[in-house]
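Geometric and topological summary
One letter stands for each residue in the lines below.
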Amino acid sequence: MQLLLMLLPFVVGAIIALAGVMVGALFYHRLQARRERQRYLRAQVSDLVAQAYEVEYWLRQLRSARLLNGPPLEAPNPMKHVRTIAQLHVPELRPEVRKLARAVDEFEEWVNEGVTEKRNTRQVSDETLGRYAEVHRGVLDAITEIANRGQDLIREP
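Figured I'd write up the structure that's included with this text. (Residues numbered from 1 in each chain as written. Predicted model: local features only at pLDDT ≥ 70, side-chain atom pairs only at ≥ 80, totals over all residues. Heavy atoms only, no water.)

What follows covers a negative patch on the surface. There is a patch of like negative charges on the surface, built from Asp 105, Glu 106, Glu 109 and Glu 134. Sorting elements by how many residues they give to the negative patch places helix H3 (residues 94-121) first, with three residues. Within the element layout of this structure, Glu 106 appears in helix H3. (Patch = residues over 30% accessible without salt bridge, like charges linked within 9 Å, V, L, I, M, F, W, Y side chains within 5 Å. Areas by Shrake-Rupley, 256 points an atom, 1.4 Å probe, with all protein chains shown as cover. Salt bridge = Lys/Arg side-chain N within 4 Å of Asp/Glu carboxyl O. Lys, Arg positive; Asp, Glu negative; His and termini not counted. Charge placed at Lys NZ, Arg CZ, Asp CG, Glu CD. Helix = DSSP H or I, 4+ residues; strand = E, 2+ residues; numbered from the N terminus.)

See the structure below:
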């Protein structure tokens, strides 16, 4: 009995130490998982924003090719890639990506109106060309919203 009382502090200490190691490992694992998620999210948001700017560049090339007799546009619209990243990797940005998709649709609709005018009258009206700033601004504003919201996501703990 006396031996058991002498060993009791060691047994209790070992149990406390074992519990501390287990809790510490769990805490470390959660912290590591959070860091890994932030690293992954940062990479995906970065790719998404870069692809969104590629969409804007592609739209400017589309305008040049179809309305201003520039070189033909051969690259596919990168909007599919933007949607894929948002759908699979950053669902928090889906509303902002939908807004970009609507702005891209409006831009393409504007280009198509200009193409129709060009086909019918051999030139694009100044009124139609004047709307470029408006439709382009819609695309840029949507990209800015994606970038700002993405930055907020990366900063969240």
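Each aromatic ring pair is summarised here by two numbers: the centre-to-centre distance and the angle between the ring planes. Evaluation of the coordinates by the stated rule reveals three aromatic pairs. Here Phe 107 and Tyr 132 contribute two aromatic rings whose centre-to-centre distance is 6.1 Å and whose plane-to-plane angle is 75°, an arrangement assigned as edge-to-face. One end of the pair, Phe 107, is in helix H3; the other, Tyr 132, is in helix H5 (residues 132-155), with 25 residues separating them in the sequence. Taken as a pair, Phe 107 and Tyr 132 share a single burial class, namely buried. Taking NZ or CZ as reference, Arg 63 lies 3.9 Å from the ring centre of Tyr 132, over its face. (Phe/Tyr/Trp six-rings, centres within 6.5 Å; stacked < 30°, edge-to-face > 60°. Buried < 20%, exposed > 50% of the residue type's maximum accessible area, 1.4 Å probe, protein only. Lys NZ or Arg CZ within 6 Å of the ring centre and 35° of its normal.)

This part covers the pattern of salt bridges. Under the criterion given, the structure shown has six salt bridges. Among the ionic pairs, Glu 36 bridges to Arg 39, the shortest N-O distance being 2.6 Å. Of this pair, Glu 36 and Arg 39 both sit in helix H1 (residues 2-67), three residues apart, which is roughly one turn of that helix. Note on Glu 36: relative accessible area 42%, which makes it partly exposed. A salt bridge links Arg 37 to Glu 92; its shortest N-O distance comes to 3.4 Å. With Arg 37 in helix H1 and Glu 92 in the loop between helix H2 (79-88) and H3, this pair connects stretches of sequence that are 55 residues apart. Looking at Glu 92, the relative accessible area reads 30%, which means it is partly exposed.

Further remarks concern the packing of H1 against H2. Between H1 and H2, the least distance of the axes is 8 Å, while the angle of their chain directions is 160°. Judged on the interaxial angle alone, H2 and H1 are roughly antiparallel. Classified by chirality, the crossing of H2 by H1 is left-handed. Here Gln 44, Asp 47, Leu 48, Gln 51, Ala 52 and Val 55 of H1 lie close against H2, whose contacting residues are Met 79, His 81, Val 82, Ile 85 and Ala 86. In terms of residue class, the contact of H1 with H2 is built from seven nonpolar, three polar and one charged. (Axes fitted to C-alpha atoms, helices over the stretch in contact; angles between N-to-C directions. Parallel < 35°, antiparallel > 145°, perpendicular 65-115°, else oblique. Left-handed = near helix turned anticlockwise from the far one by under 90°. Contact = heavy atoms within 4.5 Å. Nonpolar A, V, L, I, M, F, W, Y, C, P; charged D, E, K, R; others polar.)

Turning our eyes to something else, we now look at the side chain of Glu 56. Mapped onto the secondary structure, Glu 56 falls in helix H1. Overall, Glu 56 belongs to the buried group, its relative accessible area being 8%. Beyond its immediate stretch of four places on either side in the chain, Glu 56 contacts His 136, Val 139, Leu 140 and Ile 143.

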